[in-house]
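Summary of structural features
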Amino acid sequence: MEMDQLYTELILEHNQDKRNKRELAKFTTSEHGHNPSCGDDLTLQIDVEDGIVKDAAYTGSGCAISQASASMMIDIVKGKSVEEALRLVELFLGMIKKDVTDEAELEELEDAMALQNISNMPARVKCAVLAWHTLKEALKK
Amino acid sequence: MRPISEAYKDFPILKREHNGHRLIYLDSGATAQIPQMVADRVVNHMLYHNGNPHRGSHILAIEASEAYENARERVVEFINAREREEIIFTRNSTESMNLIAYSYGLNNLQAGDKIVITVAEHHANLVTWQFVANKTGATLEYMYLDESGHLKDGEINKIDEYTKIVAFAHVSNVLGMEFPVKELTDKAHSVGAVVVLDGAQSTPHMKVDMQELDCDFFVFSGHKMCASQGIGVLYGKRALLEAMPPFLLGGDMIEYVKEQTTTFNELPYKFEAGTPNADGAVALHAAMDYLDSFGMDAIEAYEEELVAYVLPKLMDIPHVHVIGSTNAKEKHGVIAFTVDDVHPHDVATILDSKGICVRSGHHCAQPLGAFYKVAASTRLSMYLYTRKEDLDAFLDVLKTVRTVMGFED
C-alpha cells in the first residue's frame with residue numbers, strides 16, 4: 001500500500017489534533033486499553049448522563065493509527081445514546097473485519113471511514129480497534 | 001574461512017521482493033534468517049533419518065539419537081563448555097530461563113535473600129525473577145544505568161552478602177551493549193551468588209566461552225543464530241544441575257518408574273522430558289557449522305564495521321535520537337532509536353512499505369523503556385548477511401518519515 005493511502009490527511013490531522021486528547025473534569029467511567037505487544041496505551045474517559053454520552057476524551061500514547069482512531073471515535077459518539085454508541089462500535093469493528101463493506105452503511109462512521117484500508121494491514125488492525133474495544137468495555141459498565 | 005561479504009548470497013529469503021522493493025531484513029535481533037545449507041541439512045534429516053531419539057533399537061531411532069547427541073557435542077565445542085552433561089536442549093532462551101527459575105530459584109531462595117538484575121533485562125530474565133521473588137519472599141533489586149547505557153557507579157554494590165542470584169544480559173537486546181561480565185561475575189562469586197547470563201543476543205554475534213566467562217548458567221536461542229525456531233540451550237555448571245530437581249516430567253527423563261515413585265535419568269536427560277526437537281537440534285548444529293565457516297571473531301568485527309558505518313549517519317538525521325551509547329565500538333549490531341513526534345509503529349510501517357523490516361515496540365524490555373521514559377522505540381539489528389547498501393536504503397527511507405507523517409521537516 002502507498003503510504004499516502006494509509007496516512008491520509010484526515011488521519012494525520014486527527015493524530016496531531018489534540019481536541020479529544022485531554023482529561024475530562026467530570027466523567028462517569030474511565031477505561032484503560034492496552035496493546036501489550038506494541039505498547040499502545042490509552043485511557044478513555046466518558047461522561048454519561050441519562051443514557052447519553054455527553055462528553056468523551058482520551059489520554060495516553062500510541063501510533064498515529066491508534067491516536068487518530070480514538071479521536072475519530074470520540075467525534076462520532078458524543079451526543080449519542082449508549083445503545084447508539086455501542087451500535088457504532090460494532091459497525092466500526094465490522095468494517096475492520098470486512099464483515100460490513102456497504103459504503104452507504106459505513107457513512108455513519110464519518111471520518112472513521114478513512115480507516116477502512118487498515119483491514120488490509122494485519123499488523124495495524126489492533127492499533128485501529130484499540131479505542132473502540134476500550135469504549136465498548138466502558139459503555140458496558 | 002569464507003569472506004563475510006559473500007554471506008548474503010546464502011539466504012534465499014533475501015532474494016524476495018516486498019511491496020515492489022528488494023526485501024531488506026534489519027530485524028535479526030528478533031530472529032535471524034536461515035541459510036540454504038541449514039535448511040538442506042534439516043530437510044535431509046527429516047526425509048531420511050527421522051526417528052524418535054533415545055527410543056527403540058531400529059536404524060532410524062539410532063540415527064535420530066546420533067543426530068541429536070552430535071548437536072549437543074557441537075554446542076559443547078561452540079561455547080567451550082566442559083562436557084555434554086552441561087548442555088540441556090530447550091525450546092528457547094525463555095524456556096531455559098524458566099527452567100533455572102523453577103528448578104534452581106524456587107528451591108534455593110528464601111525470605112531475606114536477594115536477586116539482583118539490571119533494569120535493561122529482557123522480560124525472560126525479569127518476569128521469571130519477579131515470580132521467584134514473589135514465591136520465595138526474596139527481594140528483586142535492580143542495578144540502574146546512566147544515559148549512555150552503562151551501569152551507574154556503585155550499582156554493582158547492590159550485589160552483597162544477601163544476594164543469591166545475579167542475572168543479566170551478556171548483550172542487551174535494546175542497547176546492543178555488553179555488560180561488564182567479568183566484573184559482575186567476580187563480584188557475584190565473591191559473595192557466593194550464582195550468575196545467570198542471558199546470551200540470547202551475544203551468542204549469535206561473538207565468540208562465547210563458558211570457561212572464560214565463568215557464569216553458572218547461560219542461555220541462548222537457536223533461531224537468533226541462523227537455526228530454526230523452537231530450539232534453545234541451557235548451559236549450567238554440572239554440580240548445580242546435578243543438585244536441581246527436574247523441571248518438566250514425563251518420558252525420557254526417567255530411570256525407573258513404579259506406581260507411586262520414580263527415579264530420574266542422569267544429566268542431561270533429567271531436564272529433557274518428552275520427544276525432543278531433533279530437527280531443531282540438527283538445524284542448530286548446521287547453524288554453528290555455518291557461522292564457524294566465517295569465524296565468530298570475523299562476524300563480530302564485520303558487525304562493528306556496519307555499526308560504525310550507519311550510526312553517525314543515523315545520528316545526523318534531524319529528530320532522530322539513539323538510545324544508550326552512541327559509541328559504535330560499544331554497539332553489537334543493535335541500534336534502537338526514536339523519531340520526534342512519530343510513533344515507532346508508524347516508522348516501521350513506512351519502512352515496511354519500502355521493503356525494509358525493522359522492529360518497533362518495547363522489545364520485551366518494558367522496565368528499561370520506563371526508566372529512559374521511552375515507551376517504545378524502533379530498532380534496527382544487523383547480522384552477517386547485512387550489507388552497507390541495506391543500511392543506505394534504510395537511511396534514505398528514514399529521512400522521509402516525518403514528511404510522510406505530515407511534518408514540515
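Bear in mind the structure is a predicted one, so any value in this text is a computation, not a measurement. (Residues numbered from 1 in each chain as written. Chains lettered and ligands numbered in written order. Predicted model: local features only at pLDDT ≥ 70, side-chain atom pairs only at ≥ 80, totals over all residues.)

1. Considering the environment of B:Thr139
Residue and element names in this part refer to chain B.
- Summarising the element assignment, threonine 139 is placed in strand 6 (residues 139–143).
- Residues threonine 139 and isoleucine 115 lie 24 residues apart in sequence; the distance between their C-alpha atoms is 6.1 Å.
- With residues near it in sequence (within four places) discarded, threonine 139 still touches Lys114 and Ala133. (Helix = DSSP H or I, 4+ residues; strand = E, 2+ residues; numbered from the N terminus. Contact = placed C-beta atoms within 7 Å.)

2. Thoughts on the environment of B:Val194
Residue and element names in this part refer to chain B.
- Along the chain, the position of valine 194 falls in strand 8 (residues 194–198).
- Judged by the 22 C-beta atoms lying within 10 Å of it, valine 194 is buried.
- Placed 70 residues apart in sequence, valine 194 and alanine 124 show a C-alpha to C-alpha distance of 17 Å.
- Once residues within four sequence positions are removed from consideration, valine 194 is found in contact with Ile165, Asp216, Phe217 and Leu240. (Buried ≥ 20, exposed ≤ 12 C-beta atoms within 10 Å, placed from the backbone.)

3. Here's the deal with the interface of chain B and chain A
- In this assembly, 13 residues from chain B lie in contact with 14 residues from chain A.
- Broken down by element, the side of chain B that touches chain A gets its largest block of residues, 4 residues, from helix 10 (residues 344–352) of chain B.
- When the residues that make up the side of chain B that touches chain A are grouped by side-chain class, the tally is 5 nonpolar, 7 polar and 1 charged. (Nonpolar A, V, L, I, M, F, W, Y, C, P; charged D, E, K, R; others polar.)

4. With respect to helix 1 (residues 36–48) of chain B
All names here are of chain B.
- Helix length check: helix 1, at 13 residues, gives a terminal C-alpha distance of 18 Å against a target of 18 Å (1.5 Å per residue), a fit within 8%.
- When helix 1 is considered as a whole, its buried residues turn out to be Val38, Val42 and His45. Buried residues of helix 1, seen end-on, are gathered within an arc of 60° and therefore sit on one face of the element. More than 90 degrees from the buried face of helix 1, the exposed residues found are Gln36, Asp40, Val43, Leu47 and Tyr48. (Expected span 1.5 Å × (residues − 1). Arc of directions from axis to C-beta.)

5. Comments concerning the sheet that holds strand 6 of chain B
Residue and element names in this part refer to chain B.
- One open sheet holds the 7 strands; their spatial order is 4-10-9-8-7-5-6, and the pairing between them is mixed. Looking along the sheet, the strands with just one partner apiece sit at the ends: strand 4 (87–90) and strand 6. Each strand axis lies, on average, 20° off the axis of its neighbour in the sheet, ignoring direction.
- The pairing of strand 9 (residues 217–221) with strand 10 (residues 232–236) spans 5 bridges and is antiparallel. Pairing of phenylalanine 217 across the sheet is with glycine 236, part of strand 10. (Pairing = 2+ DSSP bridges. Axes fitted to C-alpha atoms, helices over the stretch in contact; angles between N-to-C directions.)

6. What to know about the environment of A:Ala138
Residues and elements named next belong to chain A.
- With respect to the element layout, alanine 138 can be found in helix 6 (residues 125–140).
- Placed 106 residues apart in sequence, alanine 138 and histidine 32 show a C-alpha to C-alpha distance of 8.8 Å.
- Ignoring any residue separated from it by four or fewer positions in sequence, one finds alanine 138 in contact with Thr29, Glu31, Leu44 and Ile46.

7. Thoughts on the nonpolar core
All names here are of chain B.
- Judged by nonpolar contacts, the single largest core of 160 residues is most densely connected at Val166, Phe217 and Ala287.
- At 10 residues, helix 8 (residues 278–292) tops the list of elements feeding residues into this core.
- Per-domain counts for this core show at least three residues from each of domain 1 (4–30 + 295–404) and domain 2 (39–292).
- Every residue in contact with valine 166, bar those within four places of it in the chain, is listed here: Val116, Ile159, Leu184, Ala188, Ala193 and Val195. (Core = buried A, V, L, I, M, F, W, Y, C linked by C-beta atoms within 7 Å. Domains from an automatic or database assignment.)

8. Quick look at unusual backbone geometry
All names here are of chain B.
- Cis peptide bonds are those with omega within 30 degrees of zero, and the linkage from leucine 267 to proline 268 qualifies with 0°.
- If you trace the backbone, proline 268 turns up in the loop between strand 12 (262–264) and helix 8.
- Located in the positive-phi region is histidine 363, a residue other than glycine, with phi close to 55°.
- For histidine 363, a count of 27 C-beta atoms within 10 Å translates into the label buried.

9. Points about the confidence of the model for chain A
- Chain-level statistics for chain A give a pLDDT mean of 93 and a share of 100% at 70 or above.
- Mean pLDDT across the elements of chain A ranges from a minimum in helix 1 (residues 3–6) of chain A, with 88, to a maximum in helix 4 (residues 82–96) of chain A, with 97. (pLDDT = per-residue confidence, 0-100.)

10. What to know about the domain arrangement of chain B
Residues and elements named next belong to chain B.
- Domain boundaries assigned for chain B yield domain 1 (4–30 + 295–404) and domain 2 (39–292).
- On a C-alpha basis, the centroid separation for the pair domain 1 and domain 2 is 28 Å.
- Every contact between the two is made by 24 residues of domain 1 and, on the other side, 22 residues of domain 2.
- Contributing elements (two or more residues each) for the side of domain 1 that touches domain 2: helix 9 (296–316), strand 14 (334–339) and helix 11 (366–372).
- For the side of domain 1 that touches domain 2, the element with the most residues is helix 9, which contributes 5 residues.
- Looking at the side of domain 1 that touches domain 2, its residues break down into 11 nonpolar, 7 polar and 6 charged.

11. Describing the packing of helix 3 (residues 64–77) of chain A against helix 6 of chain A
All names here are of chain A.
- The N-to-C vectors of helix 3 and helix 6 enclose an angle of 40°; their axes lie 7 Å apart at closest approach. As summarised for this structure, helix 3 and helix 6 are arranged oblique, according to the angle between their axes. The chirality of how helix 3 crosses helix 6 is right-handed. Here Ile65, Ser66, Ser69, Ala70, Met73 and Val77 of helix 3 lie close against helix 6, whose contacting residues are Cys127, Ala128, Leu130, Ala131, Trp132 and Leu135.
- In the contact of helix 3 with helix 6, the residues fall into 10 nonpolar, 2 polar and no charged. (Parallel < 35°, antiparallel > 145°, perpendicular 65-115°, else oblique. Left-handed = near helix turned anticlockwise from the far one by under 90°.)

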